[in-house]
Amino acid sequence: MREKLTNPEDVRTWPGTIPVEYVYTAGVAGEAYLRAIKERGCLAASTCPDCNIDYLPPRLYCERCFAKTDEPRDVAARGVVETFTVAHRDLDGRPLEPPVIYAFVRIAGTAGGLIHRLGDVEPGDVHIGLEVEAVFRPPAERVGSILDIEHFKPVG
Amino acid sequence: MPERVAIVGVGYSDVRSTTPGLSYKEMMYEAAVRAYADAGVNPRKDVDSFICVSEDFWEGTSIFDEYVPDQLGGALRPVHTVTGDGIHALACAAMLIRTGRARIVVVEGHSKHSDIRTPHHIHNFAFDPIYHRPLGAHPYHLAGLEMNRFLHVSGNTREQCALVVRKNLTNALLNPRAVYGAEVSLEDVLGAPPAFTPLGELDIARPADGGFVMVVAAESVVDDLAGEPVWITGYGWCTGASAVDSRQWGEAVYARLAAEQAYRMAGITNPFQDLDFAEIDDSFSYKELEHLEALRLCRPGEAGTLLEEGVTLPSGEFPVNVSGGSLGVGHLLEATGLHRVYEVVLQLRGQAGPIQLAEVERGLAQSWRNLPTTTGCVIILERS
């Protein structure tokens, strides 16, 4: 039923691409988060009044009890490394030199957090539980994106 | 009392690292022909409904569900697609039969991964577009994060993850369906180039092409069919939060909850005692250990010890991934769960050839929808 072929270019194929573009709506809670980053150099969280859980990034609703959350409030962009990895490959699979450290940072005083890069630290000096804080771009360069944070660095 | 449901026919299109000679439709046709011959059914007359699993971006075609009926013998018949793992579709088939709406249902899943030129970009496209994707990281950084936390909280070790790789690649050497069988030492795995620490290059399941078709039938028609039935006695599925901030880092909660549903349905109270073997997700080495614990096949933190003691080897008390798993066979995208079910069916029928286990009555298959998901499915299969 089939020939022994190992090179896809040996038989006729048709190369195709799907050019897809979107604008993603941040929403009420998402805009509060991105504005806190851009305008005040901090993060934002919203609290479920019933569960007393602080969501970061903020959300309009509580995923546990489905209640509407309170207005987002500003939160300092510092927390603890809950887990980290040293990435040796870029998105296309090519070697990353130097490697990039990614961490999930649990933000202090909230139940939430975010994944971001770690900087100003060597991979060998990172450990779970390390206290870190965000390094923001200068206010004039911020656009309202998580990339307005350059990276997180060890506190002190 | 709803009817009992059985898998009565299975077929596959050869698992390979690349399949340049066949289109995905021809692969599906090949798997379907084998499954229908095994079950002794004519799809144009006997099958009441067809269920496929696919994800448009893996296929490269939007509204891909329009492209599936003809090669399955399902043109102008009831057909629908589940954008989930193959075990999702098997659960749908069983429920469709138990409603009385259908007696025979066909389930299909395939991977034509070798057609995809930018798989990591598709994976990255599954990340949150505002809060995560702008980092532009290779999607497997999330596996590195998961693995590091899992080892930290569970006490399992990097070396035990390497043992998973050695076990599954070794198992795969004997499985005719496996692409990546190899003899590797612990040193090979631990000494492989670091990828997303603590994850190394050999800890990551490599993709493969392949397709699976299964015929599912009500008990009332099983005796009229040729295929040896394997009974579906339990299933469950569950999805956690897409957000990285509210997931439970270090524990596969989705697998634990999916298993609870399946165990309750099948009347299983002590999974390790009540089941004989399992084919579970090992898309990354640590996942086999994390899933073993989530499925309550051992206590939290003990999966690595179970492995070291040989319990999960083919010769052990509770073999896990005798097939070689995704590490040894290759990862088959949405068809991965169906491949695991296929292996369980062969074992229960006594048709697993060189990898046949002795005296197995009841097995489990589990899937995880891979990064960045928190979705898992569990199915319980029995011989009688």
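Computed from a predicted model, the values in this text were never measured in an experiment.

If you tally the helices and strands in chain A, you get one helix and eight strands. Traced from its N-terminal end to its C-terminal end, chain A shows the element sequence α-β-β-β-β-β-β-β-β. Its C-alpha atoms give chain A a radius of gyration of 21 Å, clearly above 15 Å, the size a compact globule of 156 residues would have. The buried share among the 156 residues of chain A stands at 44%. Long-range contacts, defined here as pairs at least 24 residues apart, represent 48% of the contacts in chain A between residues at least 6 apart. For chain A, the exposed surface amounts to about 8900 Å²; the carbon and sulfur share of it is 52%.

Every contact between the two is made by 45 residues of chain B and, on the other side, 47 residues of chain A. Counting each side, the surface lost to burial between chain B and chain A is near 4000 Å², with a carbon and sulfur contribution of 62%. The largest share of the area that chain B buries against chain A comes from B:Tyr131, B:Leu135 and B:Asp245, three residues that together contribute 19% of it. On the surface where chain B and chain A come into contact, there are two salt bridges. We note a salt bridge from B:Asp245 to A:Arg59, for which the minimum N-O separation is 3.1 Å. Counting across the chain B and chain A interface gives 15 residue pairs in polar contact (both at pLDDT 80 or more).

The next thing to look at is the pairing of strand β1 (residues 5-16) of chain B. All names here are of chain B. In terms of burial, β1 is a largely internal element, 11 of the 12 residues being buried. Two elements, β1 and strand β7 (residues 209-218), share nine bridges in a ladder whose sense is antiparallel. What sits directly across from Arg 16, in β7, is Asp 209. Bridging between β1 and strand β8 (residues 230-239) involves three bridges; their strand directions are antiparallel.

Moving on: the sheet that holds strand β1 (residues 43-47) of chain A. Residues and elements named next belong to chain A. On the basis of which strands lie adjacent, the open sheet formed by three strands has the order β2-β1-β3 and antiparallel pairing. The open sheet has two free edges, formed respectively by β2 (54-55) and β3 (73-75), since each of these has just one partner strand. With three bridges joining them, β1 and β3 adopt antiparallel strand pairing. Bridging across to β3, Ala 45 finds its partner in Arg 73. This element, helix α1 (residues 27-40), spans β1 and β3 of the sheet and lies at about 145° to β1.

All names here are of chain B. Within the fold, Ala 252 resides in the loop between β8 and α9 (253-266). Taking relative accessible area as the criterion, Ala 252 reaches 1% and is therefore assigned buried. Non-local contacts of Ala 252, meaning those with residues more than four positions away in its chain, are made with Glu 290, His 291 and Ala 294.

All right, on to the side chain of A:Arg59 then. Structurally, A:Arg59 can be placed in the loop between β2 and β3. Take A:Arg59: its relative accessible area is 14%, and that puts it in the buried class. A polar contact of 2.6 Å, which involves the side chain of A:Arg59, links it to the side chain of A:Glu63. If we ignore the near neighbours within four places in the chain, the residues touching A:Arg59 are A:Ala29, A:Ser46, A:Thr69, B:Ala243, B:Asp245 and B:Ser246.

Attention now goes to α9(B). Residue and element names in this part refer to chain B. Its 14 residues place the ends of α9 20 Å apart at the C-alpha level, agreeing with the 20 Å of an ideal helix rising 1.5 Å per residue. Buried residues of α9: Tyr 254, Ala 255, Ala 258, Ala 259, Ala 262, Tyr 263 and Ala 266, and no others. An end-on view of α9 places all buried positions within 155° of arc, on one side of the element. Lining the buried residues of α9 we find β8, α10 (271-274), α11 (285-294), β10 (362-368) and β11 (375-382). Among the residues trailing α9, Gly 267 stands out with phi positive, at a value near 70°.

Our focus in this paragraph is the environment of A:Phe152. All names here are of chain A. By secondary structure assignment, the location of Phe 152 is in strand β8 (residues 149-154). For the pair Phe 152 and Thr 110, spaced 42 residues apart in sequence, the C-alpha separation works out to 17 Å. Setting aside residues no more than four positions away along its own chain, Phe 152 makes contact with Ala 77, Val 105, Ile 107, Leu 114, His 116, Arg 117, Leu 118, Gly 119, Val 132, Glu 133 and Ala 134.

All names here are of chain B. An order of β3-β2-β4-β7-β1-β8-β11-β10-β9 is seen for the nine strands of this open sheet, with the pairing classed as mixed. Each end of this open sheet is capped by a strand with a single partner; those strands are β3 (79-82) and β9 (277-279). Neighbour-to-neighbour, the strand axes of the sheet open up by a mean angle of 25°, direction not taken into account. Where β9 and β10 come together, three bridges link them in parallel fashion. Note that in β10 the partner of Glu 279 across the bridge is Ala 365. Docked against the sheet, helix α14 (residues 336-349) engages β1, β4 (104-111), β7, β8, β9, β10 and β11, running at close to 170° with respect to β10.

Moving on, we come to the side chain of B:Gln347. Considering the arrangement of structural elements, one finds B:Gln347 in helix α14. Not counting chain neighbours up to four residues away, the residues in contact with B:Gln347 comprise B:Phe277, B:Val322, B:Ala352, B:Ile355, B:Gln356, B:Leu357 and B:Val360.

Note on soluble globular proteins: their nonpolar side chains tend to be buried together. Formed by 94 residues in total, the largest nonpolar core has its most connected members in A:Tyr33, A:Leu43, A:Leu118, A:Phe152, B:Phe284, B:Leu364 and B:Ile380. Leave out the neighbours within four places in its chain, and B:Ile380 touches B:Trp231, B:Ile232, B:Thr233, B:Gly234, B:Ala262, B:Tyr263, B:Ala266, B:Ile268, B:Leu275, B:Arg362, B:Gly363 and B:Leu364.

Another aspect to go through is unusual backbone geometry. Cis geometry is found at the peptide bond from B:Thr197 to B:Pro198, where omega equals 5°. Note that B:Pro198 resides in the loop between β5 (194-196) and β6 (199-200). Going from B:Leu371 to B:Pro372, the amide bond is cis rather than trans, its omega being 0°. Notably, A:Asn52 is not glycine yet its phi reads approximately 60°, a positive angle.

Reading the values: rules and limits
Residues numbered from 1 in each chain as written. Chains lettered and ligands numbered in written order. Predicted model: local features only at pLDDT ≥ 70, side-chain atom pairs only at ≥ 80, totals over all residues. Heavy atoms only, no water. Helix = DSSP H or I, 4+ residues; strand = E, 2+ residues; numbered from the N terminus. Rg over C-alpha atoms; globule rule 2.2 N^0.38 Å. Buried < 20%, exposed > 50% of the residue type's maximum accessible area, 1.4 Å probe, protein only. Contact = heavy atoms within 4.5 Å. Areas by Shrake-Rupley, 256 points an atom, 1.4 Å probe, with all protein chains shown as cover. Buried area = accessible area lost by both parts, 1.4 Å probe. Salt bridge = Lys/Arg side-chain N within 4 Å of Asp/Glu carboxyl O. Polar contact = N/O pair within 3.5 Å; in protein donor to acceptor, adjacent residues only side chain to side chain. Pairing = 2+ DSSP bridges. Axes fitted to C-alpha atoms, helices over the stretch in contact; angles between N-to-C directions. Expected span 1.5 Å × (residues − 1). Arc of directions from axis to C-beta. Core = buried A, V, L, I, M, F, W, Y, C linked by side-chain atoms within 4.5 Å.

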